[in-house]
Amino acid sequence: MIVCIDPGHGGTDPGGCSNGLREKDLTLDISLKLNNLLKNYEVDTILTRDKDIDIGLSQRANIANSANADFFISIHVNAGGGSGFESYRHPAASDKTASIQAIIHRTIANLYESNNFIDRGEKTKNLAVLRETKMPAILVENLFIDSVKDANFLREENNRQAIAQSICNGIVQALELKKQKTENNSLDTVIDAFVKAGIISSSEYWKQNAAQGKQCDGEYVATLLQRIYEKYLKP
Ligand SMILES: [Zn+2]
């Protein structure tokens, strides 16, 4: 599963600029945060840009198409005298795209509504990045840069983190992504390394008992600590 994240605008195209903010900076920041959050799930991600560079609309779609992405999301901030959140799919988009849009729209709208911004709804529009991408694609317009109230929300880093989280939650739900199972694997790796170093002799015991909700024998833990001390810490 591959998700393509498209931070709107960039380089010589700043997008909307108002209240001391530039759309291209906000979309990149939210996109990078979203990309980091998705690393916790069993999904590969690509960004159409990860820095402040010029990139054309067709080029953005081409990046997603040539990577065979399964889903494309374009991140924008609105302008033009309004307030609140809206999302877009292409007018000829598939039912599948519409249902993905509905799920992701809801998780994002929940965040905005709980911060007293209005939900402007799920919409359709003939936008190049939605038309030229071959996979389900949506575009989200996160508040209005030229509204003081909206800009004040977007200005705060923790709010941008919350926006990225709400987008992530929607993508995880819509695409049924599973959490990465790194914790258990890495503990197994650690235990095997301890056996190899001669610090513990029974990997089975530690793999079974050194886990959340389980207990280890105090004598065993004491021996473990003593061996670590002998091997690595003794002056
Ligand atoms: Zn834009």
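Per-chain numbering applies: the sequence of each chain, read as written, is numbered from 1 onward. A pLDDT threshold of at least 70 governs which residues receive local features in this predicted model, and a stricter bar of 80 or more applies before side-chain atom pairs are shown or counted, although totals over entire chains, interfaces and linings include all residues.

Draft legend 1. Structural context of the nonpolar core. Among the nonpolar cores identified, the biggest contains 42 residues, and I138, I167 and I171 are the most heavily contacted of them. Considering every element that reaches this core, the biggest residue donor is helix α6 (residues 157-175), with 7 residues. Residues contacting I138, with those up to four places away along its chain left out, are I73, S87, Y88, R89, I100, Q101 and I104. Joining buried Ala, Val, Leu, Ile, Met, Phe, Trp, Tyr and Cys residues through C-beta atoms within 7 Å gives a set, and that set is a nonpolar core. Labels follow a simple rule on C-beta atoms placed from the backbone: if 20 or more others lie within 10 Å of a residue's own, it is buried; if 12 or fewer, it is exposed; otherwise it is partly exposed. Starting at the N terminus, helices and strands are each numbered in turn, a helix being any DSSP run of H or I of at least four residues and a strand any DSSP run of E of at least two. With C-beta atoms placed from the backbone, a contact is any residue pair whose C-beta atoms sit within 7 Å.

Draft legend 2. Fine view of the packing of helix α3 (residues 95-114) against α6. Contact geometry of α3 with α6 gives a least axis separation of 8 Å together with a crossing angle of 150°. With respect to each other, α3 and α6 are oriented roughly antiparallel. Relative to α6, α3 is oriented so that their crossing is right-handed. For the pair α3 and α6, contact is made by I100, I103, I104, T107, I108, N110 and L111 and by A162, I163, S166, I167, N169, G170, I171, Q173 and A174, respectively. Every axis corresponds to a line fitted to the C-alpha atoms, with the helix fit spanning only the stretch in contact, and the corresponding angles, defined between N-to-C directions, vary from 0 to 180 degrees. Working rule for angles: under 35 degrees goes down as roughly parallel, over 145 as roughly antiparallel, 65 to 115 as roughly perpendicular, anything else as oblique. The sense of a crossing depends on the near helix, which, turned anticlockwise from the far helix by less than a right angle, makes the crossing left-handed and, turned clockwise, makes it right-handed.

Draft legend 3. Looking closely at the environment of L111. Relative to the helices and strands, L111 is located in helix α3. Sequence spacing of L111 and S58 is 53 residues, and the spatial spacing of their C-alpha atoms is 31 Å. Filtering out sequence-adjacent residues up to four positions away, L111 remains in contact with A162, I163 and S166.

Draft legend 4. Region of the structure containing unusual backbone geometry. If you check the backbone angles, N19 has positive phi at about 50° while not being a glycine. In this structure, N19 sits in the loop between β2 (17-18) and β3 (21-22). The exposure class of N19 is partly exposed, given the 16 C-beta atoms found within 10 Å. With phi around 55°, N68 is a residue other than glycine that occupies positive phi space.

Draft legend 5. Main features of the pairing of strand β5 (residues 71-78). Counting buried positions over the 8 residues of β5 gives 8, a clear majority of the element. Because side chains alternate across β5, one face comprises the buried residues F71, I73, I75 and V77, and the other comprises F72, S74, H76 and N78, equally buried. With 5 bridges connecting them, strand β1 (residues 2-7) and β5 associate as parallel partners. Paired with V3 across the two strands is F71, which belongs to β5. Note: two strands are recorded as paired if DSSP finds a minimum of 2 bridges between them. Relative to strand β8 (residues 137-144), β5 runs parallel, the two sharing 6 bridges. Pairing of H76 across the sheet is with E141, part of β8.

Fair warning: the whole summary comes from geometry, so function is off the table for now.
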